[in-house]
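Each chain, letter by letter, is given below.
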Amino acid sequence: MKVLSIAIPCYNSAAYMRRCIDSLLPGGDDVEILIVDDGSARDNTAEIADEYESNYPGIVKAIHQENGGHGEAVNAGLRNATGLYYKVVDSDDWVDEKAYLEIIKTLKELVAGPETVDMFISNFVYDKVGAKRKKVMRYGAFPENEVFQWEEAKKLHKGHYILMHSVIYRTMLLKECGLELPKHTFYVDNLFVFQPLPYVKNLYYKNLNFYHYFIGREDQSVNEQVMISRIDQQIRVNKIMIDLLAGRKIANKRVRQYMISYLEIITTISSVMLIRSGTEENLAKKKELWQYLKSKDAGLYFTLRHGIFGRTMNLLGKGGRKLSVAAYKISQKFYGFN
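These numbers were taken from a predicted model, which means no experiment stands behind them. (Residues numbered from 1 in each chain as written. Predicted model: local features only at pLDDT ≥ 70, side-chain atom pairs only at ≥ 80, totals over all residues. Heavy atoms only, no water.)

K.L.:
Honestly, the overall build of the chain in this entry has me stumped. Any pointers?
P.N.:
For the chain, the count of helices and strands is 13 helices and 10 strands. The buried share among the 338 residues of the chain stands at 56%. Across the chain, every contact between residues at least 6 apart in sequence was considered, and the portion connecting residues at least 24 apart equals 77%. Accessible surface for the chain amounts to roughly 15,300 Å². Of this, 51% is attributable to carbon and sulfur atoms. (Helix = DSSP H or I, 4+ residues; strand = E, 2+ residues; numbered from the N terminus. Buried < 20%, exposed > 50% of the residue type's maximum accessible area, 1.4 Å probe, protein only. Contact = heavy atoms within 4.5 Å. Areas by Shrake-Rupley, 256 points an atom, 1.4 Å probe, with all protein chains shown as cover.)

Take a look at the structure:
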């Protein structure tokens, strides 16, 4: 059995997917690399996927499907995964070989050990085009190189929330929690991390700079103007996260508090993008988003609305909205938001 399954969602990715795949090949027979061609039509993504499958049988598998978006590509990878653990690496990103091999070694040791680890966490690097210094996302709140539970972790800072780039989940946990990401929707990576959290008991953190998160393409989903143009998809993900948490009794208080904090950050990002768009239609959508939260869980709404971000995002008038954006920019630097 493979230790680690790695899904690479690819959509017209021919220009950069080889760097990603090549960075993962050193995992050898311990890994399976699932290249998911998500209905690519404008380039030879499909042919490149088949080429790697032919050249690396038993390690690389090419999966071809009709276009369903990033989330459906992640779903397809999970459906085909045979490894004990599951990782998603976007086709324009890559991994550090030394850290990669160390992580595989550690996963093998954990599999042979007495405790089942549900979530494995490592660092990622913001590999931003033109940046002289690459920002590294570390998790100093977590104990290093040992199996631990939520109660043993310190409180995470607002900007240090766990992203898809930093997490490896136990494959069966993802299947058991019913994870299925929505089709044709961007920003579902937040759901990938968020939905399984109540099922996570044992965690492990390795302080290695493993994942390189590339930032710089003009059409990239995290580009602010692109986010504004796709704001309805951001809101959709935001509302699904509300639905996953609202009215739900989560026994572990630390998990619930972390999920509330995560939802607060995503709702803040949705709100500020709606404000930044400058249209009356999107300002109405911001109001509706907060009303949606209130209708689903009044207590959760009160917590978020009266927190520092909730108060800032709901300042009245044009001047208030300018202050909201200014406060968000300060928060980006202070908390490390993307």
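K.L.:
So what exactly am I meant to see when it comes to the packing of helix α8 (residues 231-245) against helix α10 (residues 280-296) here?
P.N.:
Between two packed helices, both the angle of their axes relative to each other and the distance between the axes serve to describe the pair. Two numbers describe how α8 lies on α10: the axes approach to 10 Å, and their chain directions differ by 10°. When the interaxial angle is binned, α8 and α10 end up roughly parallel. Between α8 and α10, the contacting residues are Ile231, Asp232, Ile235, Asn238, Lys239, Ile242 and Asp243 on the first element and Asn282, Lys285, Glu288, Leu289, Tyr292, Leu293 and Lys296 on the second. The class makeup of the residues in the contact of α8 with α10 is 6 nonpolar, 2 polar and 6 charged. (Axes fitted to C-alpha atoms, helices over the stretch in contact; angles between N-to-C directions. Parallel < 35°, antiparallel > 145°, perpendicular 65-115°, else oblique. Nonpolar A, V, L, I, M, F, W, Y, C, P; charged D, E, K, R; others polar.)

K.L.:
I keep staring at the side chain of lysine 206 and nothing clicks. Help me out?
P.N.:
Considering the arrangement of structural elements, one finds lysine 206 in strand β10 (residues 203-215). You can call lysine 206 buried: its relative accessible area is 10%. Of the polar contacts made by the side chain of lysine 206, one reaches the side chain of threonine 106; its length is 3.5 Å. Once residues within four sequence positions are removed from consideration, lysine 206 is found in contact with Glu102, Thr106, Phe120, Ile121, Ser122, Asn123 and Asn145. (Polar contact = N/O pair within 3.5 Å; in protein donor to acceptor, adjacent residues only side chain to side chain.)

K.L.:
Looking at this structure, how should I read the packing of aromatic side chains?
P.N.:
The geometry of an aromatic ring pair is captured by the separation of the ring centres together with the interplanar angle, meaning the angle of the planes. Per the stated rule, a full pass over the model turns up 18 aromatic pairs. Judged by centre distance (6.2 Å) and plane angle (20°), the rings of tyrosine 52 and tyrosine 56 are stacked. Residue class for tyrosine 52 comes out buried when judged on its relative accessible area of 4%. Here tyrosine 56 falls in the partly exposed class, since its relative accessible area comes to 33%. Taken together, a centroid distance of 5.7 Å and an interplanar angle of 50° make the contact between tyrosine 126 and tyrosine 213 tilted. With tyrosine 126 in strand β6 (residues 119-128) and tyrosine 213 in strand β10, the pair connects residues that are 87 residues apart, well separated along the chain. Across the pair, tyrosine 213 and tyrosine 126 agree in class, each one buried. (Phe/Tyr/Trp six-rings, centres within 6.5 Å; stacked < 30°, edge-to-face > 60°.)

K.L.:
Just checking my understanding: could you explain the pattern of salt bridges for this structure?
P.N.:
Where side chains of opposite charge bring their charged atoms close, a pairing between them can arise. By the definition in use, this model includes 11 salt bridges. Among the ionic pairs, arginine 79 bridges to glutamate 72, the shortest N-O distance being 2.9 Å. The partner of lysine 296 in a salt bridge is aspartate 243, with the nearest N and O atoms 3.8 Å apart. Note that lysine 296 is positioned in helix α10 and aspartate 243 in helix α8, a separation of 53 residues in sequence. Here aspartate 243 falls in the partly exposed class, since its relative accessible area comes to 38%. (Salt bridge = Lys/Arg side-chain N within 4 Å of Asp/Glu carboxyl O.)

K.L.:
How should I be thinking about the nonpolar core in this particular structure?
P.N.:
Within soluble globular proteins, side chains that are nonpolar generally end up buried alongside one another. In terms of nonpolar packing, the biggest core is built from 112 residues, with Ile35, Tyr169 and Phe192 touching the most fellow members. Other than its neighbours up to four places away in sequence, isoleucine 35 contacts Ile8, Cys10, Met17, Ile21, Ala49, Tyr52, Val60, Lys61, Ala62 and Ile63. (Core = buried A, V, L, I, M, F, W, Y, C linked by side-chain atoms within 4.5 Å.)

K.L.:
Just to check I follow, could you spell out helix α11 (residues 298-305) for this structure?
P.N.:
Owing to its 3.6 residues per turn, the α-helix aligns residues three or four sequence positions apart on the same side. The complete set of buried residues in α11 reads Leu300, Tyr301 and Leu304. Axial view of α11: buried residues confined to an arc of 100°, hence all on one face. Exposed residues on α11 whose side chains face more than 90 degrees from its buried face are Ala298 and Phe302. (Arc of directions from axis to C-beta.)

K.L.:
Mind showing me how you'd approach the pairing of strand β3 (residues 60-65) here?
P.N.:
Sheet faces and side chains relate simply in a regular strand, where the side chains alternate between the two faces. As defined by bridge partners, strand β2 (residues 31-38) adjoins β3 across 6 bridges and the pair is classed as parallel. The residue bridging isoleucine 35 from the neighbouring strand is alanine 62, located in β3. Handedness of the crossover joining β2 and β3 through helix α2 (residues 45-55): right-handed. (Pairing = 2+ DSSP bridges. Right-handed = clockwise from strand over helix to strand, strands pointing away.)

K.L.:
Please clarify how the environment of valine 88 should be interpreted in this entry.
P.N.:
Inspection of the secondary structure assignment puts valine 88 in strand β4 (residues 85-88). Separated by 104 residues in sequence, valine 88 and phenylalanine 192 have C-alpha atoms that sit 9.7 Å apart. Excluding its chain neighbours within four sequence positions, the residues that come into contact with valine 88 are Ala7, Pro9, Val74, Met164, Phe192 and Tyr211.

K.L.:
It is not clear to me how α2 should be interpreted in this structure. Could you clarify?
P.N.:
Within α2, burial applies to Thr45, Ala46, Ile48, Ala49 and Tyr52. Projected onto a plane normal to the axis of α2, the buried residues spread over an arc of 165° and lie on a single side. Among the structural elements, β1 (4-10), α1 (17-24), β2 and β3 are those in contact with the buried residues of α2.

K.L.:
In this structure, what is going on with the packing of α8 against helix α9 (residues 253-277)? I would like to understand it.
P.N.:
Two numbers describe how α8 lies on α9: the axes approach to 10 Å, and their chain directions differ by 155°. As summarised for this structure, α8 and α9 are arranged roughly antiparallel, according to the angle between their axes. Handedness of the crossing formed by α8 with α9: left-handed. Residues Ile231, Gln234, Ile235, Asn238, Met241, Ile242 and Leu245 of α8 pack against Arg256, Met259, Ile260, Tyr262, Leu263, Ile266, Thr267, Ile269, Ser270, Met273 and Leu274 of α9. Its residues assigned to classes, the contact of α8 with α9 comprises 13 nonpolar, 4 polar and 1 charged. (Left-handed = near helix turned anticlockwise from the far one by under 90°.)

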